[in-house]
Amino acid sequence: MAGNLDEVAEKKLKSRIRKFKKVVKDDDEKMKFFDQLGASVEIFLPTKNPEEQGDSIIFYTTAEGSIVDAEYSYNEGEEDFVSLPIADKDLKVIVEAFEKDFNLKFTE
């Protein structure tokens, strides 16, 4: 099954690359593409024992970068994993903690 999934993934990647080429060349394609786009950014929080446990915050955004949802993830090893939604009041505190000193940029 993995071999077949690899082939499907390769075809899908090639299809996506063709789409990106259209987006680069055509402003109308670019607008259509980015109107549908969303993103998620996962921030891994520092822990005392990163080999044994980890936690992170996942932000879900619009194409413009507005946060529309977030969740907190906690794990102890690869098997024990919990994901919890973050309430709006808590999300405001988290965003406030990051907004002054944390910026995402694409670099070349």
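Now for a look at the structure at hand. Keep in mind that this is a model prediction, so the values were computed, not measured.

Here we come to the overall build of the protein. Of regular secondary structure, the protein possesses 3 helices and 4 strands. Across the protein, helices and strands are ordered from the amino to the carboxyl terminus as α-α-β-β-β-β-α. For the protein, the C-alpha radius of gyration of 18 Å lies well beyond 13 Å, the compact-globule estimate for 108 residues. On the principal axes, the C-alpha backbone points of the protein span a range of 45 × 40 × 25 Å. Classification of the 108 residues of the protein by burial places 15% in the buried group. Look at the contacts in the protein between residues 6 or more apart in sequence, and 18% of them connect residues 24 or more apart.

Turning our attention to the sheet that holds strand 1 (residues 38–45). If you walk across this open sheet you meet the 4 strands as 1-2-3-4, and the pairing is antiparallel. Across the chains shown, the open sheet's two edge strands, defined by having one partner strand only, are strand 1 and strand 4 (80–85). For this sheet the average axis-to-axis angle between neighbouring strands, irrespective of direction, equals 20°. As defined by bridge partners, strand 2 (residues 54–62) adjoins strand 3 (residues 67–76) across 8 bridges and the pair is classed as antiparallel. Of the residues in strand 3, the one forming a bridge with Ser-56 is Ser-73. Taken strand by strand, helix 3 (residues 88–99) contacts strand 1, strand 2 and strand 3, and its axis lies near 95° from that of strand 2.

So, about the nonpolar core. One broad rule of soluble globular proteins: the nonpolar side chains tend to lie buried together. Ile-43, Ile-57, Phe-59, Ala-70, Ile-86, Leu-91 and Ile-94 together form the largest nonpolar core, which totals 7 residues. Of all the secondary structure elements, the ones that give two or more residues to this core are strand 2 and helix 3. With residues up to four places along the chain from it excluded, the contact list for Ala-70 reads Ile-58, Phe-59, Tyr-60, Pro-85, Ile-86 and Leu-91.

What follows covers the side chain of Ser-73. Looking at where Ser-73 falls in the secondary structure, it is placed in strand 3. Ignoring sequence-local partners within four residues, the contact set of Ser-73 consists of Gly-54, Asp-55, Ser-56, Ile-58, Phe-81, Val-82 and Ser-83.

This part covers a positive patch on the surface. Together, Lys-14, Arg-18, Lys-21, Lys-22 and Lys-25 make up a positively charged patch on the protein surface. Looking at where Lys-22 falls in the secondary structure, it is placed in helix 1 (residues 2–25).

Right, let's get into the pattern of salt bridges. Under the defined criterion, the tally for this structure stands at 2 salt bridges. Of the charged contacts in the structure, one is a salt bridge between Lys-19 and Glu-29, with a shortest N-O distance of 2.6 Å. Of this pair, Lys-19 sits in helix 1 while Glu-29 is found in helix 2 (residues 27–36), placing the two residues 10 residues apart along the sequence. On the basis of relative accessible area, Glu-29 is assigned to the buried category, the value being 19%. The salt bridge partner of Glu-29 is Lys-32, with a shortest N-O separation of 3.5 Å. Of the two residues, Glu-29 and Lys-32 are both situated in helix 2; the distance of 3 residues between them amounts to about one turn of the helix. Overlapping salt bridges, with partners in common, bring together Lys-19, Glu-29 and Lys-32 in one network.

The rules behind the values
Residues numbered from 1 in each chain as written. Predicted model: local features only at pLDDT ≥ 70, side-chain atom pairs only at ≥ 80, totals over all residues. Heavy atoms only, no water. Helix = DSSP H or I, 4+ residues; strand = E, 2+ residues; numbered from the N terminus. Rg over C-alpha atoms; globule rule 2.2 N^0.38 Å. Buried < 20%, exposed > 50% of the residue type's maximum accessible area, 1.4 Å probe, protein only. Contact = heavy atoms within 4.5 Å. Pairing = 2+ DSSP bridges. Axes fitted to C-alpha atoms, helices over the stretch in contact; angles between N-to-C directions. Core = buried A, V, L, I, M, F, W, Y, C linked by side-chain atoms within 4.5 Å. Patch = residues over 30% accessible without salt bridge, like charges linked within 9 Å, V, L, I, M, F, W, Y side chains within 5 Å. Areas by Shrake-Rupley, 256 points an atom, 1.4 Å probe, with all protein chains shown as cover. Salt bridge = Lys/Arg side-chain N within 4 Å of Asp/Glu carboxyl O. Lys, Arg positive; Asp, Glu negative; His and termini not counted. Charge placed at Lys NZ, Arg CZ, Asp CG, Glu CD.

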